[in-house]
Amino acid sequence: MHGRPRKAPKPEDEAASSAKAQKLRALQTQFFSFHHNKIYTKEAVELSAKLLEINPESYTAWNYRKLAVEHYLNLPDCNPDSIKSVLDDELRVVENALRQNFKSYGAWHHRKWVLSKGHSSIDNELRLLDKFQKADSRNFHAWNYRRFVAESMKRSEQDELKYTEDMIYANFSNYSAWHNRSVLLSALFDKKAEGFLLKEKVLPEEYEFIHQAIFTDPDDQSGWFYHLWLLDQTVTTDSPLLASSWPGHGSDVLLVGDRCYNGSAFSPFSALHSDSGSFPIVLYFNQPVRGVNSSTVTVECGFNKNEDLLWKPLSASNSQTARVWVAHLKVSSSDLHSTVEVSVGHTKGIISTRGFEYSHPSMLSFKVHVQPMERDSSQVSVAESISLREENFKVYGKQSEESIIDSFDQLIIKNGHETTASNWRFEALAKEIECFRELLSLVDCKIGKLTLARLLKAYDAMSYPFANKLVHSEEVLELYSDLMKLDRTHYQFYKDERSIVLLQKVTSSKGSLLQHCFQYKDSVSSAICGPICLRLNNLSLSRMGAFEKLLWVQMLDLSHNELQSIEGLEAMQLLSCLSLRNNKLRSLTALEPLRKLKLLRILDISYNQIGDHSIDTTRYVCSSPLSHSVGSELNRDETVTSDVALINNWEAFYIFKDFNLNQLDIVGNTIADEKFKSVLVKIMPKLKQLDGKLLD
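Residues numbered from 1 in each chain as written. Predicted model: local features only at pLDDT ≥ 70, side-chain atom pairs only at ≥ 80, totals over all residues. Heavy atoms only, no water.

**Some words on the nonpolar core**
The nonpolar side chains of soluble globular proteins are, as a tendency, buried together.
Here is step 1 of the chain: Within the largest apolar cluster, 140 residues are counted, with the highest numbers of intra-cluster contacts made by L569, L594 and F656.
Here is step 2 of the chain: For L594, the residues in contact, after removing those within four places along its chain, are I566, L569, L578, L580, L600, L603 and F659.
Here is step 3 of the chain: Of all hydrophobic cores here, the second largest spans 38 residues; its members include L52, I83, W108 and L129. (Core = buried A, V, L, I, M, F, W, Y, C linked by side-chain atoms within 4.5 Å. Buried < 20%, exposed > 50% of the residue type's maximum accessible area, 1.4 Å probe, protein only. Contact = heavy atoms within 4.5 Å.)

Set out below in structure tokens:
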């Protein structure tokens with residue numbers, strides 16, 4: 001364990017171990033007999049104590065002792081003295097067990113249970129903890145128990161904060177002490193205790209404190225984790241903010257029944273094809289929130305009532321808390337022109353996962369123009385037949401380019417409701433950046449480079465709304481590239497972080513984003529409102545991000561990257577055409593975010609790795625398959641069918657059953673044999689084209 005080679009046991013050690021096991025089995029046999037027969041005599045209870053002294057991890061024995069205690073406390077002749085005697089015996093048993101293993105979960109839990117009865121003195125607990133923490137000052141069980149004891153004694157957070165400081169000075173590698181310090185400070189900040197009301201007075205002092213540990217031994221990780229917590233406290237706003245929305249404030253939305261025709265004066269960013277007579281309103285917050293509904297978000301327009309709108313969270317876990325919320329606004333064909341006003345947070349109820357209210361009410365206003373169209377039989381709808389290949393795109397001409405640049409002003413690419421960052425935050429980050437640049441000039445430290453990259457990203461994120469560019473993006477990209485070479489063990493993590501920074505750079509300005517905007521060559525050449533294809537192909541992306549700046553995208557080319565996950569793509573509610581060709585998607589369940597894209601008509605997932613791996617690791621983000629949402633909302637009656645092919649491909653059925661695709665490319669995946677393709681045709685009867693071939 002922990003990199004130590006396993007040694008062969010000596011004969012005498014094997015003999016001692018065998019004798020101990022035999023004694024333990026005999027004790028367990030007798031103990032289980034007492035337990036099953038609910039025998040709580042003095043002899044039986046003492047036997048459980050012997051068992052726990054040998055094996056403190058016997059949860060059944062601890063539970064038995066709880067039952068025995070309850071039995072004694074409910075006897076008719078029980079009095080305060082006998083109660084104290086019984087509970088003191090329990091504390092002694094726990095202490096003996098902890099001497100054998102002071103990291104026993106069951107023992108620490110049992111001690112809490114005894115003290116929660118309220119008949120035992122708690123004054124001795126801190127002295128006992130001092131003994132255990134001298135044996136192992138980083139024992140997180142003892143620190144967790146200390147928090148329980150301090151709360152029971154009504155000991156102030158300030159006193160406990162001083163204790164953590166003493167323990168850190170004794171050993172700055174004490175991760176548990178640093179963690180406890182963050183817990184205490186968080187509590188003091190939340191309750192706005194005296195002296196902790198303003199973070200700008202506390203956090204700079206904490207930065208100075210942590211520097212002593214980091215600069216003494218840059219290779220020790222304990223201080224770095226605390227520094228990461230400090231950085232989060234510096235940059236994270238308590239109250240959630242509305243980061244972006246679609247439609248954007250002040251924009252003109254054109255809804256067309258089929259396609260745009262010549263002479264339209266509308267922007268390609270706000271023209272939307274809609275068969276259903278509705279369009280999505282998307283709200284993107286800077287942190288997950290709950291409580292978005294018709295009470296907290298009011299929509300006023302001529303063709304719809306606010307109470308008819310159903311707001312839905314878009315999250316991978318299907319929870320009621322999400323960054324992205326969407327509602328679909330129905331449009332009446334009789335109202336060809338209307339103004340829509342969306343009021344967010346003027347009524348309380350939108351709350352972050354940390355319990356903070358949305359306190360920056362926002363108002364969005366945009367115009368909607370309905371243009372019903374008859375299908376032009378001489379032309380094929382762009383939404384029905386598209387091939388996102390290199391030869392099918394062309395750059396915009398100067399005139400069209402100017403129109404596109406002008407239309408950017410109507411998009412909420414940066415946070416339209418950003419509050420001015422406090423000067424102390426900029427000063428704190430600038431000082432930390434200078435500090436860690438100095439450190440890296442002295443030592444080559446991997447975690448130092450990672451911290452500097454995080455600091456630079458945080459500084460750019462705060463300054464971006466005002467500077468309109470990311471000043472340090474190139475330096476951050478270089479830092480992550482260096483880390484990918486220096487630390488191969490965490491290569492994928494650095495790769496993912498680098499991908500997000502690259503996308504933030506691409507979407508940070510009109511000019512940089514325009515370089516990736518192309519016109520599909522088969523669209524009507526003079527129709528300004530022909531859809532823009534955002535081409536983020538061949539960028540070596542392994543993770544997606546910057547979604548708050550991409551809500552307007554209808555055509556997206558992510559081909560020839562290294563994506564293993566597309567989590568977050570569900571925020572792009574306008575997507576009708578998506579290419580994921582030549583990536584590293586390993587399973588069908590990796591496509592789950594696409595189930596929430598109701599306008600998606602064309603999908604290319606060819607030449608991925610779907611079917612290569614016998615175990616779908618996408619489903620097991622945690623140790624239990626129950627933790628993943630795939631199939632969790634599936635109605636079992638839907639899968640009851642005599643079709644064996646569908647039964648054997650239930651994941652494909654679950655993923656594709658809600659799709660309304662016209663065109664799908666899946667060639668080049670191991671799973672894509674003729675039998676599987678026939679299954680897809682059954683699941684999606686509206687599919688017209690599969691792997692470039694028209695279906696009958």
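Still more ground to cover, so stick around.
**Re the confidence of the model for the protein**
Here is step 1 of the chain: Summary statistics for the protein give a mean pLDDT of 83 and a share of 82% for residues scoring 70 or more.
Here is step 2 of the chain: Low pLDDT (under 50) marks residues 413–420, which in the prediction has 22 contacts with non-local residues, meaning those over four places away or in another chain. (pLDDT = per-residue confidence, 0-100.)

**Remarks on the packing of helix α15 (residues 473–486) against helix α16 (residues 491–506)**
Here is step 1 of the chain: Between α15 and α16, the shortest axis-to-axis distance is 9 Å and the interhelical angle comes to 165 degrees. The angle between the axes of α15 and α16 places the two elements in the roughly antiparallel class. Between α15 and α16 lies a crossing of left-handed hand. Together, S473, E474, V476, L477, Y480, S481, L483 and M484 of α15 and Y491, Y494, K495, E497, R498, V501, L502 and K505 of α16 make up the contact between the two elements. (Axes fitted to C-alpha atoms, helices over the stretch in contact; angles between N-to-C directions. Helix = DSSP H or I, 4+ residues; strand = E, 2+ residues; numbered from the N terminus. Parallel < 35°, antiparallel > 145°, perpendicular 65-115°, else oblique. Left-handed = near helix turned anticlockwise from the far one by under 90°.)

**Description of the packing of aromatic side chains**
Here is step 1 of the chain: All chains considered together, the criterion is met by 20 aromatic pairs.
Here is step 2 of the chain: In this arrangement the basic side chain of K66 is found over the ring face of W113, its NZ or CZ atom lying 5.7 Å from the centre.
Here is step 3 of the chain: Note that R595 overlies the ring of Y654, its terminal NZ or CZ placed 4.2 Å from the centroid. (Phe/Tyr/Trp six-rings, centres within 6.5 Å; stacked < 30°, edge-to-face > 60°. Lys NZ or Arg CZ within 6 Å of the ring centre and 35° of its normal.)

**Digging into the sheet that holds strand β13 (residues 532–535)**
Here is step 1 of the chain: Pairing in this open sheet of nine strands is mixed, and the strands run β11-β12-β13-β14-β15-β16-β17-β18-β19 from one edge to the other. Unpaired on one side and paired on the other, β11 (393–394) and β19 (693–694) mark the two borders of the sheet.
Here is step 2 of the chain: The pairing of strand β15 (residues 577–579) with strand β16 (residues 602–604) spans three bridges and is classified as parallel. Across the sheet, C577 pairs through a bridge with I602, a residue of β16. (Pairing = 2+ DSSP bridges.)

**Section: the packing of helix α9 (residues 175–190) against helix α11 (residues 222–235)**
Here is step 1 of the chain: At a closest axis distance of 8 Å, the pairing of α9 and α11 adopts a crossing angle of 15 degrees. When the axes of α9 and α11 are compared, the pair comes out roughly parallel. The way α9 lies across α11 gives a crossing that is right-handed. Between α9 and α11, the contacting residues are Y175, W178, R181, S182, L185, S186 and F189 on the first element and S222, G223, F225, Y226, W229 and Q233 on the second.
Here is step 2 of the chain: Looking at the contact of α9 with α11 residue by residue, the class counts come to seven nonpolar, five polar and one charged. (Nonpolar A, V, L, I, M, F, W, Y, C, P; charged D, E, K, R; others polar.)

**Comments concerning the pattern of salt bridges**
Here is step 1 of the chain: A complete count under the given rule lists 27 salt bridges for this structure.
Here is step 2 of the chain: Residue K84 is joined to D88 by a salt bridge in which the shortest nitrogen-to-oxygen separation is 2.8 Å. Of this pair, K84 and D88 both sit in helix α4 (residues 80–100), separated by four residues, roughly a single helical turn.
Here is step 3 of the chain: Among the ionic pairs, R92 bridges to D89, the shortest N-O distance being 2.1 Å. Residue R92 and its partner D89 are both found in helix α4; the two are separated by three residues, about one turn of the helix.
Here is step 4 of the chain: Overall, the relative accessible area of 34% leaves D89 in the partly exposed class. (Salt bridge = Lys/Arg side-chain N within 4 Å of Asp/Glu carboxyl O.)

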